[in-house]
Structures are given as C-alpha cells and as structure tokens.
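Residue strings, one per chain:
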Amino acid sequence: MGIEKAKLHLKKWNKDSEVMIFDTSSATVELAAAALNISGNKIAKSISLYNENNDVILIVAAGYRKIDNKKFKDEFGLKAKMLAFEDVEPLVGHPVGGVCPFGVNSQVSVFLDISLKEFEYVYPACGSANSAIKLSISELEIFSGFKKWVDVTKDR
C-alpha cells in the first residue's frame, strides 16, 4: 500500500508520525488545499510522466502549475507524456491521488520544479488519496532523493 511505503521511507528521518490522514479526499490540489485550509499552490503535486525508456519522471511542482511542453522538452529531450491511469501505481508505487516522491519504485527519477521555491513550506501527499505532510523545501530536497531542480512548468 502506498501510504505504508511513504511512511516507511519517512521513518528514516523520524517524520512518519507527522503524516496527516484526512477524513475526506485530498486527491486533487483543490481537495488537499481545502483539507489543509491553505492556498492550493502550497500543495506539492507530483506529476508522473514517461521517460524515453518508459520508466518514470516524477516532477514535484507547486499546486496550480502545469507542465510547459517546450521547457520540458528542452530539459529532458523528449515530449512530456503523462502516465496512463493504469500505469501510475505499478510504475510509481503509489495510487493516483496519492503520488508523492517518498518510497517510490527504483526506476522513478524525482525532479523538483523551481515553482516550489517561493514557499517556506509545502504539502506533498504521502501515498494515499487522503494524506499529506508539511515539509520545508530543504526537507523536501532531502526526503525526496531528487536528482535536481528543474524549470519545467508554465508561469502563471
């Protein structure tokens, strides 16, 4: 189960007990923002895309940002192609609505989008459609095992 994988991953830093579980869904930016009573841009959403080997590029970005196809192609050398719904859980390790950069499968490469840098704290999901954790940007960097910062989203 995704949430257990995420909590096990976060346990390395004694953060597993800080995972919040909601009585309502937090599967979308809007629902997560409502559950947390915060701006949607503070939600650190994870966007799952195929790479050239059909492995996964996971982009973590500010809640309302969308992938900019030109920037993505310039960065990764291929067209942005979202994972099919049925591929998300088997390839990433978390279900749709709970995708996060914690406890992901080994073929997943995590990148953080610079859109997150405007916030002191962000709130990524934790492997289920009703979970989140509050993290500083430096904590997100450490806990996500990200490869590098990228600029692949559209400006608002």
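Details of the structure are given in the entry above.
Quick notes on the rules
Per chain, residues are indexed from 1 in the order of the written sequence. Totals for whole chains, interfaces and linings use every residue, but because this is a predicted model, local features are given only for residues with pLDDT of at least 70 and side-chain atom pairs only at 80 or more, for both listing and counting. Here the side-chain values reflect all heavy atoms present in the structure, with hydrogen atoms and water set aside. Any two strands with at least two DSSP bridges between them are considered paired. For helices the rule is a DSSP run of H or I covering at least 4 residues; for strands it is a run of E covering at least 2, with both sets numbered from the N terminus onward. The criterion used for residue contact is that any of the two residues' heavy atoms lie within 4.5 Å. Fitted lines through C-alpha atoms give the axes, limited to the stretch in contact for helices. The angle between two N-to-C directions lies from 0 to 180 degrees. The definition used for a disulfide is geometric: two cysteine sulfur atoms within 2.5 Å. Partly exposed describes any residue whose relative accessible area lies between the buried limit of under 20% and the exposed limit of over 50%, with all areas from a 1.4 Å probe on protein chains only and scaled to the type maximum.

1. Re the sheet that holds strand 4 (residues 108-113)
Note: strands within a sheet are paired through backbone hydrogen bonds, in either parallel or antiparallel orientation.
Now for step 1: Reading across from one edge, 7-5-2-3-4-8 is the order of the 6 strands in this open sheet, with mixed pairing throughout. The open sheet has two edge strands, strand 7 (135-136) and strand 8 (148-150), and neither has a second partner.
Now for step 2: Bridge analysis of strand 4 against strand 8 gives 3 bridges, and the strand direction is parallel. By the bridge assignment, L112 is partnered in strand 8 with W149.
Now for step 3: Here helix 2 (residues 29-36) sits on the sheet and contacts strand 2 (43-50) and strand 5 (121-124); the angle it forms with strand 2, its principal contact strand, is near 155°.

2. A short note on the state of the cysteines
Now for step 1: Summed over all chains, the structure comprises 0 disulfides.
Now for step 2: With no disulfide of its own, C100 has C126 as its nearest cysteine by sulfur position, at a separation of 5.6 Å.
Now for step 3: Note on C100: relative accessible area 0%, which makes it buried.
Now for step 4: Assessed through its relative accessible area of 0%, C126 is described here as buried.

3. Some words on the side chain of N105
Now for step 1: Looking at the secondary structure, you find N105 in the loop between helix 4 (85-92) and strand 4.
Now for step 2: Leave out the neighbours within four places in its chain, and N105 touches K5, E89, P90, L91, V92 and G93.

Shape is all these values report; function is a separate question.
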